[in-house]
Amino acid sequence: MKTLNRGLCLLAVSVCLANPVFAENTGKATAKNEAAMAKALEMAMTPGEGQKKLAPMVGNFDVKIRTWVTPASTPVESTASMVSTWVLDGRYVQSMLVGQVGGTPFSGIGYIGYDNTAKMYQTAWMDNGSTGMVWYTGNFDTTGKSATMKATVPNPLTAKPSPLELRLSIAPNGDHVTELWGQGQGTKLTRLMELTYTKIKP
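Residues numbered from 1 in each chain as written. Predicted model: local features only at pLDDT ≥ 70, side-chain atom pairs only at ≥ 80, totals over all residues. Heavy atoms only, no water.

### Things to note about unusual backbone geometry
- Even without being glycine, Leu88 reaches a positive phi, approximately 55°.
- Look at Lys119: it is not a glycine, yet its phi comes out positive at around 55°.
- Mapped onto the elements of the fold, Lys119 is located in the loop between strand 4 (104-115) and strand 5 (120-127). (Helix = DSSP H or I, 4+ residues; strand = E, 2+ residues; numbered from the N terminus.)

What follows is the structure, encoded as structure tokens:
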């Protein structure tokens, strides 16, 4: 796999050097800057410490779901199960969730990864409760145990851009909690959904 990655790096360098605009801006390439480009590209595509922080999230989980219709309402409690695995050679965690919310079947697919170049975490989520995919970006705090991921989506009630926050906390054993916060019918962020994941021991 490392050989393949190096090959891809060299291919990317060759494409850049073959670009007339690139050549005009940088002049004649030298072996030194070719090597620097290859190193930068390899660092961008190689899993590292950022990806390691996601390792506790891999496994099988029992999930308790709480959903708030309004901030003052009693949450609707439901259950689900989730399987999270590494994909694309340890670059991303793929999560497959199946359960019920309010007696209605609920399923979703999520991906989370760390962008080595942008130095931030990125999460994509889609489920059968919407036809839109949500793209979150954010980072962990200094403890490495909590993260806040932010997104903007069209509000289904107004069709105007509306902020969402995904607040994540992870325990060393892999148990974790995600909270979805959004505006709902007002302008203040309120908790819309909470999912508590308990890792199933092998």
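### Observations concerning the pairing of strand 7 (residues 146-154)
- Of the two faces of strand 7, only one is covered, namely that formed by Ala147, Met149, Ala151 and Val153; the face formed by Ser146, Thr148, Lys150, Thr152 and Pro154 stays uncovered.
- Note: strand 6 (residues 134-140) against strand 7, four bridges, orientation antiparallel. The partner of Phe140 across the bridge, within strand 7, is Ala147.
- The antiparallel hairpin formed by strand 6 and strand 7 contains five residues in its connecting segment, where Gly144 sits at a positive phi of about 75°.
- By the bridge criterion, nine bridges tie strand 7 to strand 8 (residues 161-170) in an arrangement that is antiparallel. (Buried < 20%, exposed > 50% of the residue type's maximum accessible area, 1.4 Å probe, protein only. Pairing = 2+ DSSP bridges.)

### Let's talk about a nonpolar patch on the surface
- Taken together, the side chains of Leu88, Tyr92 and Tyr111 make up a nonpolar region of the molecular surface, amounting to roughly 290 Å² of accessible area.
- The residue Tyr111 is located in strand 4 in this model.
- Relative accessible area serves as the criterion here: at 31%, Tyr111 is assigned to the partly exposed category. (Patch = residues over 30% accessible without salt bridge, like charges linked within 9 Å, V, L, I, M, F, W, Y side chains within 5 Å. Areas by Shrake-Rupley, 256 points an atom, 1.4 Å probe, with all protein chains shown as cover. Salt bridge = Lys/Arg side-chain N within 4 Å of Asp/Glu carboxyl O.)

So far we have only geometry, and geometry alone does not tell us how the molecule works.
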